[in-house]
Amino acid sequence: MADIDIERTSLRTCMVGGLRASDSGAHMNLAGWVHRRRDLGGILFVDLRDRSGLVQVSFKADWTEPDSMELAHRISHEDVIRIEGVVHGRPQGSDNVDMATGEVEVRATRLEILSDARTPAIPVYRAAEHELPAEELRLLHRALDLRRSELQQALILRHKLLLATRNYMDGLGFVEVETPILTKATPEGARDYVVPSRVHNGEFYALPQSPQIYKQVLMVAGFDRYFQIARCFRDEDLRADRQPEFTQIDVEASFVQPEDILVWMEGLMSKLALVAGIDAPLPFPRITWAESMDRFGSDRPDLRYELEITDWTTVTADVEMGIVRAAVDAGGRLRGLLLKGGARLSRKQIEAIELRAKAAGAPGLFWAKCGDDGTSGPLGKFLSPANAEAMGLRPGDLVLAAAGSDSMTSPALAGVRAAAAEALDLPIVNEHAWLWVTEFPVFEEHDGKVAAGHHPFVMPHPDDLALIESDPVAVRGTAYDLVYNGTEFGSGSIRIHDPDLQRRILRALGLDEQEIDEKFGFLLDALAAGAPPHGGIALGVDRIVQRFTGSGSLRDVIAFPKTTAARALFEGAPTALGEAQLAELGLNVTKKANQGG
């Protein structure tokens with residue numbers, strides 16, 4: 001078979017974005033959308049657009065057929081046209097440096113309008129050129145919005161990253177297996193989307209929050225190495241970094257320890273970073289969850305700038321500030337951030353930073369400024385020169401601190417750290433900061449109840465098995481997260497392959513034996529059939545593309561995203577079902593009071 005020209009079709013010679021001065025004199029058939037037009041009377045210029053870029057097309061009686069010249073004066077923005085013409089170099093000094101094709105134009109000899117476009121509901125242009133319409137309006141007219149080059153390039157990069165993933169995983173001997181979309185509801189930390197069964201009235205499928213159980217069963221089945229570009233669903237409140245349906249690179253392998261998964265995923269990230277033009281020097285740094293929370297207040301710290309939390313409990317033991325003393329006496333600590341040169345921040349700026357601490361659950365911040373004549377501020381007026389010196393305070397510096405339990409002060413100081421870095425415009429020391437955070441707790445405690453930290457299938461650290469019943473929140477897991485510039489890219493762990501140990505974990509989460517058998521019996525039966533030690537990870541495709549492109553929202557890297565109200569504006573979903581459909585499904589609908597839209 002002869003080589004196929006990937007750009008040539010029956011209606012065009014090539015796409016427009018690759019035309020260069022070397023093509024001068026070539027006869028071309030081009031097709032695309034009218035991006036902009038400039039009618040100067042005797043000559044008309046059109047910027048012709050396809051997903052490869054733009055090229056200038058000129059229409060003039062000297063080289064354009066009369067019928068086509070007349071037609072050219074009638075074309076409008078976003079009309080779909082086809083032209084025949086000749087490539088010419090632009091006159092000296094008239095190059096358009098803002099266009100990749102700016103050194104050439106195509107002189108059209110013939111024009112055909114393939115599709116008339118009504119006046120666009122929103123304009124199609126780059127965000128760098130003009131202020132964009134409101135996002136909800138753009139989502140409503142997504143077919144037009146997707147013509148923007150930024151969105152098209154993001155989706156093209158997404159395609160290339162997934163292609164590179166498949167090639168890389170195949171090279172390591174992984175097999176791509178599709179797992180069910182209609183499945184059984186299992187408690188994984190978020191609400192399930194449920195689908196009623198017409199055949200079995202009163203029974204429901206759930207859309208998977210992840211393929212977690214299926215991929216573990218595949219390990220039991222002997223597949224050894226599995227991966228999938230998996231669609232997942234979670235019915236939870238949305239933010240800019242959350243969507244109800246999302247895509248993940250799902251990975252599982254047998255006879256592994258964390259080191260195997262971490263090394264493989266570093267290799268994958270290196271490949272993907274190369275595609276995106278991002279630096280990913282190997283190996284990535286690693287710290288434990290406990291260290292990350294202590295130093296940065298977060299399990300996904302942004303290490304692009306150097307700023308760490310310090311424990312000042314001991315060096316301020318003689319400070320007679322009642323609220324601090326009460327917090328420490330109750331078992332808490334005084335911790336905070338030393339901001340070199342931070343004394344230049346105004347009281348208003350400090351209060352704005354304090355709002356971040358309050359938003360994270362802290363009652364407020366204690367601060368101290370250091371000047372030539374000593375320290376000032378709510379905390380500063382209680383500090384002696386010896387205290388200030390022990391804390392590292394020098395003239396021109398600022399301390400921002402919080403006192404209390406780590407569960408309260410850590411998230412508060414993480415927010416303060418981010419806000420202070422922005423306010424002080426701290427220098428970036430590492431533009432691409434990769435990090436593994438390891439040894440996450442198996443359990444968390446919320447309102448006196450024990451819950452799974454990641455999910456209930458994480459293998460506990462062998463040294464902590466005796467603590468499962470007596471002190472569950474102290475149990476470390478063989479779990480690990482991949483972090484890039486403060487964003488969690490992926491989360492994984494070694495799994496429990498012993499059914500008896502899995503039952504212990506589920507009992508510690510408050511499930512009785514009947515609930516365990518009803519919800520997880522099929523997994524436990526599979527593990528009892530002889531399960532190899534196994535583990536894996538799931539990487540968020542949407543987040544990876546978002547951070548690699550620098551987009552402000554996940555909605556910019558998903559073709560048809562939902563709003564923060566979980567609505568699909570373009571197609572108008574969700575919608576109510578008719579009475580006949582509801583009857584067929586055996587459903588009655590009762591609307592909630594004050595139901596939002």
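Everything discussed here concerns the structure shown above.
Just so it is clear, the model here is predicted, and its values are computed rather than measured.

Chemist: Would you mind going over the packing of aromatic side chains with me for this structure?
Modeler: Where two aromatic rings form a pair, the distance of their centres and the angle of their planes describe that pair. Across all of its chains, the model carries eleven aromatic pairs by this definition. Considering the side-chain rings of W434 and F548, the 6.4 Å spacing of their centres and the 70° angle between planes classify their relative orientation as edge-to-face. Separated by 114 residues along the polypeptide, W434 in strand β17 (residues 434–438) and F548 in helix α14 (residues 541–549) bring together distant segments of the chain. In this structure W434 comes out as buried when scored by relative accessible area, which is 4%. In this structure F548 comes out as buried when scored by relative accessible area, which is 8%. Here W436 and Y480 contribute two aromatic rings whose centre-to-centre distance is 6.2 Å and whose plane-to-plane angle is 85°, an arrangement assigned as edge-to-face. Placement of W436 in strand β17 and of Y480 in strand β20 (residues 479–484) is noted, with a sequence separation of 44 residues between them. Note on Y480: relative accessible area 1%, which makes it buried.

Chemist: How should I be thinking about helix α8 (residues 322–329) in this particular structure?
Modeler: Within an α-helix, residues lying three or four positions from one another point in the same direction, as the helix has 3.6 residues per turn. Of the residues making up α8, those classed as buried are V324, R325, A327 and V328. Along the axis of α8, the buried residues cluster in a sector spanning 165°; they form a single face. Across from the buried face of α8, at angles greater than 90 degrees, the exposed residues are G322, I323 and D329. Those residues of α8 hidden inside the fold are in contact with β13 (333–339), β14 (366–371) and β16 (398–404). Remark: G331 follows α8 within two positions and exhibits a positive phi of approximately 100°.

Chemist: Please clarify how α14 should be interpreted in this entry.
Modeler: Among the nine residues that make up α14, seven are buried, leaving the element largely enclosed by the rest of the structure. Every buried residue of α14 is listed here: V541, D542, R543, I544, V545, Q546 and F548. Of the residues trailing α14, G550 is marked for its positive phi of about 75°.

Chemist: Help me understand the sheet that holds β17, please; the structure alone is not making it clear to me.
Modeler: Strand pairing within a sheet occurs via backbone hydrogen bonds; the two strands may be parallel or antiparallel. In space, the eight strands of this open sheet follow the order β6-β9-β10-β22-β21-β20-β17-β11, with mixed pairing throughout. Looking at the sheet topology across the chains shown, the edges are occupied by β6 (175–176) and β11 (286–288). Bridge analysis of β6 against strand β9 (residues 225–233) gives two bridges, and the strand direction is parallel. Within β9, the position partnered with E176 by the bridge is F227. Each of β9, β10 (245–254), β11, β17, β20, β21 (487–494) and β22 (534–540) touches helix α6 (residues 258–276); the most contacted strand, β22, lies at about 30° to it. Seen against the sheet, α14 touches β10, β17, β20, β21 and β22 and runs at an angle of roughly 145° to β21.

Chemist: Would you take a moment to explain the environment of A565 for this structure?
Modeler: Its location among the elements puts A565 in the loop between α14 and α15 (579–585). For the pair A565 and D237, spaced 328 residues apart in sequence, the C-alpha separation works out to 7.9 Å.

Cut-offs used in this document
Residues numbered from 1 in each chain as written. Predicted model: local features only at pLDDT ≥ 70, side-chain atom pairs only at ≥ 80, totals over all residues. Heavy atoms only, no water. Phe/Tyr/Trp six-rings, centres within 6.5 Å; stacked < 30°, edge-to-face > 60°. Helix = DSSP H or I, 4+ residues; strand = E, 2+ residues; numbered from the N terminus. Buried < 20%, exposed > 50% of the residue type's maximum accessible area, 1.4 Å probe, protein only. Arc of directions from axis to C-beta. Contact = heavy atoms within 4.5 Å. Pairing = 2+ DSSP bridges. Axes fitted to C-alpha atoms, helices over the stretch in contact; angles between N-to-C directions.

These values are about where atoms sit, not about what they do.
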